[in-house]
Amino acid sequence: VSSAFGACVGVATKKLTKDAMYGVGIAFMGLQTLSYLGYISIDWGKVEKDITKAIDQNGDGQLDREDIKIMLKKFLEVLKTGLPNAAGFTAGFALGVKFS
């Protein structure tokens with residue numbers, strides 16, 4: 001049962017991640033268009049600095065694979081809490097992400 005739930009969560013996570021990236025792309029295009037037309041001015045250096053500060057998990061000042069690994073580990077810990085077979089959930093999750 002844990003592996004089936006893991007697979008379902010893996011599929012949902014992949015879908016939601018793609019949808020979130022779609023939304024971020026649309027928002028970026030909108031902001032860039034408004035900037036190009038002169039309606040707004042965007043300090044992309046400050047945006048990058050603020051996002052890095054908010055998402056940087058290991059405090060090294062960079063967004064890299066290690067930060068992603070830490071975020072994924074935290075995410076899976078939340079989802080595995082209280083499950084009788086956490087290894088089955090993790091394996092199902094990996095399969096759900098890979099094959100969806």
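Before any of the text, the structure's been laid out above.
Just so we're clear, the structure is a prediction, and the values are computed from it rather than from any experiment. All residue numbers refer to position in the chain's written sequence, counted from 1. Totals for whole chains, interfaces and linings use all residues, but because this is a predicted model, local features are given only for residues with pLDDT of at least 70 and pairs of side-chain atoms are given and counted only at 80 or more. Based on all heavy atoms of the structure, the side-chain values leave hydrogens and waters out of the count.

**Digging into the packing of helix α1 (residues 2-36) against helix α4 (residues 86-98)**
Consideration 1: Simply put, an axis is a line fit to the C-alpha atoms, just over the touching stretch for a helix, and the angle between two N-to-C directions goes from 0 to 180 degrees. Counting from the N terminus, the helices are DSSP H or I runs at least four residues long and the strands are E runs at least two residues long. Put simply, α1 and α4 touch, their axes get as near as 6 Å, and they point 35 degrees apart. Of the two elements, α1 crosses α4, and the hand of that crossing is right-handed. Residues Ser 2, Ser 3, Phe 5, Gly 6, Ala 7, Val 9, Gly 10, Val 11, Thr 13 and Lys 14 of α1 form the contact with α4, whose own contacting residues are Gly 88, Phe 89, Gly 92, Phe 93, Gly 96, Val 97 and Lys 98.
Consideration 2: Of the residues contributing to the contact of α1 with α4, the split by class is 7 nonpolar, 8 polar and 2 charged. By definition, any crossing whose near helix is turned counterclockwise from its far helix by less than a right angle is left-handed, and any crossing with a clockwise turn is right-handed. Only heavy atoms enter the contact rule, under which two residues are in contact if any of them lie within 4.5 Å. Residues are sorted three ways: Asp, Glu, Lys and Arg are charged, Ala, Val, Leu, Ile, Met, Phe, Trp, Tyr, Cys and Pro are nonpolar, and all the rest, Gly among them, are polar.

**Some remarks on the pattern of salt bridges**
Consideration 1: Salt bridges are defined by distance alone: a side-chain nitrogen of Lys or Arg within 4 Å of a carboxyl oxygen of Asp or Glu. Taken as a whole, this structure holds 4 salt bridges when the rule is applied.
Consideration 2: One salt bridge connects Lys 69 with Glu 66, and the closest N-O pair in it is separated by 3.6 Å. Placement of the pair is Lys 69 and Glu 66 together in helix α3 (residues 65-80), with a separation of 3 residues, close to one helical turn.
Consideration 3: Note that Glu 77 and Lys 80 form a salt bridge whose closest N and O atoms lie 3.5 Å from each other.

**Some thoughts on the packing of aromatic side chains**
Consideration 1: The rule is short: rings of Phe, Tyr and Trp, with Trp giving its six-membered ring, pair when the centres are within 6.5 Å, and they are stacked under 30 degrees, edge-to-face over 60, tilted in between. A complete count under the given rule lists 2 aromatic pairs for this structure.
Consideration 2: Measuring from ring centre to ring centre gives 5.5 Å for Phe 28 and Trp 44, while their planes differ by 55 degrees; the resulting arrangement is tilted. Taken as a pair, Phe 28 in helix α1 and Trp 44 in helix α2 (residues 44-55) lie far apart in primary sequence, 16 residues in all.
Consideration 3: With a relative accessible area of 34%, Trp 44 lands in the partly exposed category.
Consideration 4: Only lysine NZ and arginine CZ atoms are considered, and such an atom sits over a ring when it is within 6 Å of the ring centre and within 35 degrees of the ring normal. Sitting over the ring of Phe 99, Lys 98 keeps its end group 5.8 Å from the ring centre. Whether a residue is buried, partly exposed or exposed follows from its accessible area with a 1.4 Å probe, protein chains only, as a fraction of its type maximum: under 20%, in between, or over 50%, in that order.

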